[in-house]
Structure formats: C-alpha cells, structure tokens
Amino acid sequence: MPNDDYQSSPRNLLITSADGQTGHLLAELLLDPDSADDFHAQVTSLTCLTLDPSKCSDLEEAGATIVEHVPGDKDGLVQAMKEGNIDTVVIIPPAKDNKMEIFKETFDAAVEAGTVVNTILLSSAGIDYADPKKHPRLTEFKEMEHTLMLRGKMHPDSETGNSPCIVRAGFYAENLLLYTKMSPELPLPVSEGRAFAPLALGDLSLLLAHIAVGRGPHGLSDQHRGQLIIMTGPAMQTPTELAKTASEHAGKPITYTQSTPAAAKKLLENNTDLDAAEIEYLLEYWDLVEGGFTGYVSTHAFHDITGERPQEMGEWWEIYGGEFGGGGKGQPERKRRRTMKAKAKPEPTKKEEDEVDLTEDVDEEDDEAEFEPDETVMKGADDDDVEELEDEDKVIADEDADDDDEEEEEEEVEEKPKPKGTKRKSNNPTGKNAKSAPAKEAQREGGRKGGKASASSRGKKR
C-alpha cells in the first residue's frame, strides 16, 4: 500500500558483498561527502555485510557499520537488520561457489527482520540465453530473480520484496585487468567478429546508488520500482576493435590473440586469485559472446536515471592503460568511479554574447550587401528605380494577376531591351514615390532583420 512516510523516512541501507569490487565501490560512492549527486546526505545509515571484514576497514572509517556474514547464521543477519532498522537491501551475490545459498539466506533474513521494504538485486545480463547444462553459474542468477519475483506469493504478510528492482549488468570492463600480466596481449576465448559492450564498473555503481536512494510512495522511486534494468557499455566492440581502442588510448600497442576456453581457464587459475566459481562464470559469459548472444547495447535506463552518458572505452583505457605493463599514459592514481559529474558548459558572459551577436550581424549584412545594386550602375537613377530593383520579387508578387492589360504590357516591357536610364514600370499607380527616403531605409533594415534569411544565415541555423 502507498505510504507517504516512505518518501520522508530515513534511508537505512544494507549492502551485501562489501568486500567485493562492486559492493565496495558502491559503498564508497554512498559514503563520499564530495559526490556531485550528494548520496551521502540522502543516506541515514549504511551497513556493509561482508564475508571478509578485513577488506572493509576503510569503509568503517568512512562511517559504515561493518557486519560479518557467517554463512549459516541467518539469526545473526536478522538481528543486524533489526538493530540497523534496515529498510533497503542491495543484494550483490558474492563471487563464491555458495552464492545461491548466501542469496537465499540474505533474502529470508530480510523477510524475517520485518523492517526491509526495498530489495535491489544485482543480476547478470545474458541469462535469458543461458543453458542450465552449459551455463550453471549464469542460471543461478535466473533462479535468484525468480525468487525475488515470487515474493508476494511466498510472503504475503511481509512488505519485503514488494518494492523490488533488478539490475542485469553486462561484462565488466575491469575484468580485462585480469590479463595485465600478459601485456601487451588480450588473450580472449572468443572469435573475431563476435561483439560485446564492456561496462565500466564505476557506471554500474552510480546506477545502483541512484536506485538505492530513490524514494516513492511504495518505497523505491516509482521510476525504479519493479523495473528489470539491463545495463551494458555504450558501444559494441569485437576483440580486434577492443585492442585497437586500447592501443589508441592507453599509449602503448595492445593486441588481441584468440585463446581457447581451456587455455583461458588455465590462465585465470594461474595468474589471478579468483574463486573457481567466478572463473566458471567468466568462461560461461565468454561462451555467450562466442555464441553471438551479446551483440547489443542497453544504456537508456542509465541515462534516464543518472542523467549521464556511460563511460566510453577510450576514456576507460586512458585511466587503466598504465596497468598493462610499464609506461603508457594510464593514471592509476585517478579515481576510477564517478563522484563528480561533468561540468556544465559555462554560460557566456555579456561581453561574449555581444561579440557573438555582432559577428552574426556583420555576416548577415555582408550577405545582404551582395544583393545591393552597384552604385556606379545606378548612378543617375532616381529613388523609384532603386526601390523597384531591390524589391523586384515583392513587386511581381503584388501585381494583380487578373489584370490582363497590365500583364500584356509587362510582357512587352520584358521582351524589349530597355535603354540605359529608362525607368522600369512602377507598381505605384501615381507614378510617383509614395515612400520617403527614411521609410525606404526602414524597409531595407526590416528586410535584414525580419525578412527572408540569406543563404548563409539559413545554413548557420540548420
């Protein structure tokens, strides 16, 4: 049921897997007092659930409450949620073999705590194409989503899950850093011609932060509540295109070499500290890429929710390129998450506006000058002649087409060449100037400002 209190009540957040890349980055963003989006001011309290508290000491110093998640201790989770009066849970499944069990335990604890209204689940893109036999790790995310979607029937007396949001994230660009020891090569287990759109982890964190602090009559903002959001990077790239972009922006040549799943598995086992389940997940995702199931881009939701564009891979490589061996122009010391929005282009000063307007007036007057009669040719012609030549189109348009006598006379005038100095037929029935010189000048000026645009000015406006 709608509740106005949800829109003004404190927001007590709990993030799971805070010791992992995604959870830790999201917590940092929410705790950052310098965030351009001011997330810090929108969060009353932040509790970080972690399997390894030693990796979250910096978050505790920043103001978060750190709670160790001991698998199997659901009562401890319930107690932590009650004590923190947690109303919003961001579930980030850990990169562990028992991620499904940990997810269920966390979700059940949220239901039993009785305080949780909003549930945000981080899932994986591509799971619709996952084969349970070939892709068991991807299929786990499908089961998690199903559990969350069934919340009403499973727990009709609990508000938990009635304000849900699911975010399916694509391939993390940061996973490419797993190959830093093989620099300057990217040995990927996919064929040339297969495409995917790498996603910057900082962008995913920004999206999750906006959703987590959003408020509405049912809990989460109505813009986010009940949404299934798919997020990828902004551009599809083949492995060769990925390596080319890397070489152009990382300041060093980086090449792509096609690997095999077996070789990729061995490489990750020998050169990373990833859990075996995470390696299995990566290989399954590469299999989706190889099967042609990742050739799409999905960024509209990110833009609509954050008001920003996702990070391009060129920019990403400029930040991380230095980690692919020595040298290059990578800048590891730079922040790798979005905390400050791009500065808006400053409004022009009064002086700049005057200069722009002056330039435009000069251009338009120059264009008009091309159509003014030459003074030498027009020497000796009276004002009536000048007026008739300048306003020829208007004179012809104003003539009475139904006056047969005038049409015949006009044809005769056009057929016979006029001697120099002969007056052209005036549309003025008096045969005299009806307008004074100041009036004509006003008409010319009006034509420059409010009449037909010249070819040049029309081009500028387009």
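Values in this document were obtained by computation on a predicted structure and should not be read as measured data.

Draft legend 1. Up close: the nonpolar core. Ranked by size, the top nonpolar core spans 61 residues in total, and within it L176, L186, L188, W316 and W317 carry the most contacts. Of the residues forming this core, the biggest block, eight residues, is contributed by helix α12 (residues 276-290). Non-local contacts of W317, meaning those with residues more than four positions away in its chain, are made with L176, L186, L242, T245, A246, H249, A250, I254 and F324. If you look at the next biggest cluster of nonpolar residues, it comprises 39 residues, including A169, L207, V213 and I305.

Draft legend 2. Representation of the sheet that holds strand β1 (residues 12-15). Strand order across the open sheet formed by seven strands is β3-β2-β1-β4-β5-β6-β8, with parallel pairing between neighbours. Unpaired on one side and paired on the other, β3 (65-68) and β8 (228-231) mark the two borders of the sheet. Neighbour-to-neighbour, the strand axes of this sheet turn through a mean angle of 20 degrees, independent of strand direction. Note: β1 against strand β4 (residues 88-91), three bridges, orientation parallel. Bridge assignment links L14 to a residue of β4, and that residue is V89.

Draft legend 3. Broad picture of the side chain of E105. With respect to the helices and strands, E105 occurs in helix α6 (residues 99-113). An unpaired buried charge is present at E105: no salt bridge exists, and K74, the closest side chain of opposite charge, is 7.5 Å distant. Among the polar contacts listed, one links the side chain of E105 to the backbone nitrogen of G72, at a separation of 2.8 Å. Filtering out sequence-adjacent residues up to four positions away, E105 remains in contact with H69, V70, P71, G72, D73, K74 and L77.

Draft legend 4. Geometry of the environment of I211. Locating I211 in the fold gives a position in helix α9 (residues 201-213). For the pair formed by I211 and Q223, sequence separation is 12 residues and the distance between their alpha carbons is 8.8 Å. Beyond its immediate chain neighbours, meaning those up to four positions away, I211 contacts I120, C165, V167, L220, H224, I229 and I305.

Draft legend 5. Spotlight on the packing of aromatic side chains. Within this structure, the stated rule accounts for 10 aromatic pairs. An angle of 35 degrees between the planes, with centres 6.0 Å apart, marks the rings of F171 and Y285 as tilted. You can see F171 sitting in the loop between β6 (163-169) and β7 (185-188) and its partner Y285 sitting in helix α12, a full 114 residues away along the chain. Given the relative accessible area of 4%, Y285 is considered buried.

Draft legend 6. Spotlight on the confidence of the model for the chain. A residue-level look at the chain finds 66% of positions with pLDDT of 70 or above and a mean pLDDT of 77. The low-confidence segment residues 356-390, where pLDDT is below 50, has 33 contacts with residues more than four positions distant or belonging to other chains. Predicted confidence is poor over residues 393-397, with pLDDT under 50, and the contacts of this stretch with residues over four places away or in other chains come to three contacts.

Draft legend 7. Structural context of helix α7 (residues 136-149). For α7, which comprises 14 residues, the first-to-last C-alpha distance of 20 Å matches the rise-based estimate of 20 Å (1.5 Å per residue) to within 8%. Among all positions of α7, only R137, L138, T139, E140, F141, M144, E145, T147 and L148 are buried.

Draft legend 8. Quick look at the environment of G214. In this fold, G214 is placed in the loop between α9 and β8. Owing to a relative accessible area of 10%, G214 belongs among the buried residues under this scheme. Taking C-alpha positions, G214 is 8.9 Å from Q42, a pair spaced 172 residues apart along the chain.

Draft legend 9. Structural detail: helix α14 (residues 313-320). Most of α14 is tucked away, with six of its eight residues classed as buried. Of the surrounding elements, those touching the buried residues of α14 are β7 and α10 (239-250).

Draft legend 10. Expanded view of the pairing of β4. What you see with β4 is no split at all: T88 and V90 on one side and V89 and I91 on the other are buried throughout. Examined bridge by bridge, β4 and strand β5 (residues 118-124) share four bridges and lie parallel to one another. Looking across to β5, one finds that V89 is bridged to T119. As a crossover connection, the stretch from β4 through α6 into β5 is right-handed.

Draft legend 11. The arrangement of the state of the cysteines in detail. Tallied over the full model, the rule gives zero disulfides. Summary of cysteine pairing: C56 is not part of a disulfide, and the nearest cysteine sulfur, belonging to C48, is at 6.1 Å. Judged by relative accessible area, C56 falls into the buried class, the value being 0%.

About the thresholds
Residues numbered from 1 in each chain as written. Predicted model: local features only at pLDDT ≥ 70, side-chain atom pairs only at ≥ 80, totals over all residues. Heavy atoms only, no water. Core = buried A, V, L, I, M, F, W, Y, C linked by side-chain atoms within 4.5 Å. Buried < 20%, exposed > 50% of the residue type's maximum accessible area, 1.4 Å probe, protein only. Helix = DSSP H or I, 4+ residues; strand = E, 2+ residues; numbered from the N terminus. Contact = heavy atoms within 4.5 Å. Pairing = 2+ DSSP bridges. Axes fitted to C-alpha atoms, helices over the stretch in contact; angles between N-to-C directions. Lys, Arg positive; Asp, Glu negative; His and termini not counted. Salt bridge = Lys/Arg side-chain N within 4 Å of Asp/Glu carboxyl O. Polar contact = N/O pair within 3.5 Å; in protein donor to acceptor, adjacent residues only side chain to side chain. Phe/Tyr/Trp six-rings, centres within 6.5 Å; stacked < 30°, edge-to-face > 60°. pLDDT = per-residue confidence, 0-100. Expected span 1.5 Å × (residues − 1). Right-handed = clockwise from strand over helix to strand, strands pointing away. Disulfide = S-S within 2.5 Å.

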